[in-house]
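Structural description and commentary
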Amino acid sequence: MKKFKYMKPLCFFTILTLTTGYAFHCYSFPKNYISRSYEAFYDEPKNLIDGVVFGTSVVANGWSAPVAWHEYGMPVYQLGGTVQPFGPLPQLIDFVRSRQDIKYVIIDIHALRTKTIKKSVRPENALRVSNSLHLGTHRYRVLQSSLDYAQKVYDFYGMPQNPEHILYPDNISNYVPFINFHNRWVDGLEKADYISVPSKYKGALDDESAFAVKDVSGLVDMWKVKPAQADAFQKEMLEECFRYLQENNIPVLFISYPSFNTKKELGQLKAISQYIKDRGFPMIDMCSIEMLDEIGLDTRSDFRDESHLNSIGAGKATRYLCAYIKNHCYYKDHRGDRRYGSWDKAVGDYAEFLRNGWAVKGIDFHFII
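In this report, we go over the structure that sits alongside the text. Quantities reported herein were computed from a predicted structural model and do not represent experimental measurements.

This brings us to the sheet that holds strand β1 (residues 51-54). The sheet built from five strands is open, its strands ordered β2-β1-β3-β4-β5 with parallel pairing. Edge positions in the sheet fall to β2 (76-78) and β5 (283-285), since each of these pairs with one other strand and no more. Averaged over all pairs of adjacent strands, the angle between strand axes in this sheet comes to 20°, irrespective of strand direction. Looking at chain direction, β1 and strand β3 (residues 104-108) are connected through four bridges and run parallel. Within β3, the position partnered with Gly51 by the bridge is Tyr104. Across the sheet, helix α5 (residues 89-97) touches β1 and β3, and the angle it forms with β1 is around 150°.

This is the structure:
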């Protein structure tokens, strides 16, 4: 009987731990498209994804994985997110490589704008990705890298004036997000907080903003701005990224999705693009008048706002990038392979999502079959 002596207390503490962990999970970081994209990534079968796209919200709005699969048979997943910090990128790629034998990565450079750098290390932005990962080594490494990156930003650009915008490395809430979001017991939760609601479209944007339309034709002249100067911090972050990619033999394509920001930010993006090219890495700057025609973008209908493409524009940009990948990167058409059945399903689900969404706008949008 002695061997059963500790069973009751052991069972009690096990149940208590699981219940507490579940409660902390529900009442921690609010779930959004980033967490849904990562949650779905965990469900992907091992070693069936060829490439992953990283970056800020321009990536989440601009890469249409179902289009890439339907038209090229490319299984390329999207793991971008709102104001995603650039610093933890190596740790994020390590996480991806622990689950997928990727052949290349695509990295958008919008996270390296000075304004975005400073905003990306605010707690609500810097912790969003690490809190989208499951508990374990990779979540801890991404978190530590985010904290280190924030300190580098403060050392170079100075501390934020607003204390709420400071990411304190010794704050226990970095590791237990529940502490910051305990007020959600009162404010209430959504369905996605109680149960896992992974993205159905391989990371492609799945909310109503995919159907927003804004005429940005009057902003095109902003793209005539000359390159500014990339500062020492931006260059240092790029060099760290270069070293990681080279040491791990990871092919990369750097991109800058079409967006209209301030002239200062656009000048920075052009300077960063040129720096990448000068260092011998492939770089596609899509913020130019010439590229509009080459991609086939319509500034009156293909943008959701000044900084992001809508789902129509995303399809066009994705097709353009797919053509480049096919000719310059690893390429294999996986269509017809039974192991990729979930990608075929994602295409059908995404097509229905787009048709229904654009129908509400009164637009007869024919996507796929």
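The subject of this paragraph is the pattern of salt bridges. The full count for this structure, using the stated rule, is 15 salt bridges. Of the charged contacts, one joins Arg36 and Asp206 as a salt bridge, the two residues approaching to 2.6 Å between their closest N and O atoms. A residue pair is termed long-range when its members are at least 10 positions apart, and Arg36 in helix α2 (residues 33-43) and Asp206 in the loop between α10 (191-194) and α11 (232-247) qualify at 170 residues. Judged by its relative accessible area of 17%, Arg36 falls in the buried class.

In terms of nonpolar packing, the biggest core is built from 106 residues, with Trp63, Phe86, Leu245, Phe254 and Tyr257 touching the most fellow members. If we ignore the near neighbours within four places in the chain, the residues touching Tyr257 are Val58, Val59, Gly62, Trp63, Asp108, His110, Met286, Cys287, Leu309, Ala317 and Leu321.

Reading the values: rules and limits
- By convention here, each chain's residues receive numbers from 1 onward along its written sequence.
- Restriction of local features to residues with pLDDT of at least 70 applies here, the model being predicted, together with a cutoff of 80 or more for giving and counting side-chain atom pairs; totals for whole chains, interfaces and linings are based on all residues.
- Excluding hydrogens and water, the side-chain values take into account all heavy atoms of the structure.
- Pairing between two strands requires that DSSP report at least two bridges joining them.
- Helix and strand definitions here come from DSSP, where helices need a minimum of 4 consecutive H or I residues and strands a minimum of 2 consecutive E residues; each element is numbered from the N-terminal end.
- Lines fitted to the C-alpha atoms define the axes, with helices restricted to the stretch that makes contact. Angles between their N-to-C directions range from 0 to 180 degrees.
- Here, residues are in contact when the closest pair of their heavy atoms is within 4.5 Å.
- For this analysis, a salt bridge means a side-chain nitrogen from Lys or Arg found within 4 Å of a carboxyl oxygen belonging to Asp or Glu.
- Relative accessibility decides the category of a residue: with a 1.4 Å probe and only protein chains considered, values under 20% of the type maximum give buried, values over 50% give exposed, and everything between is partly exposed.
- What we call a nonpolar core is a set of buried Ala, Val, Leu, Ile, Met, Phe, Trp, Tyr and Cys residues that are connected through their side-chain atoms within 4.5 Å.

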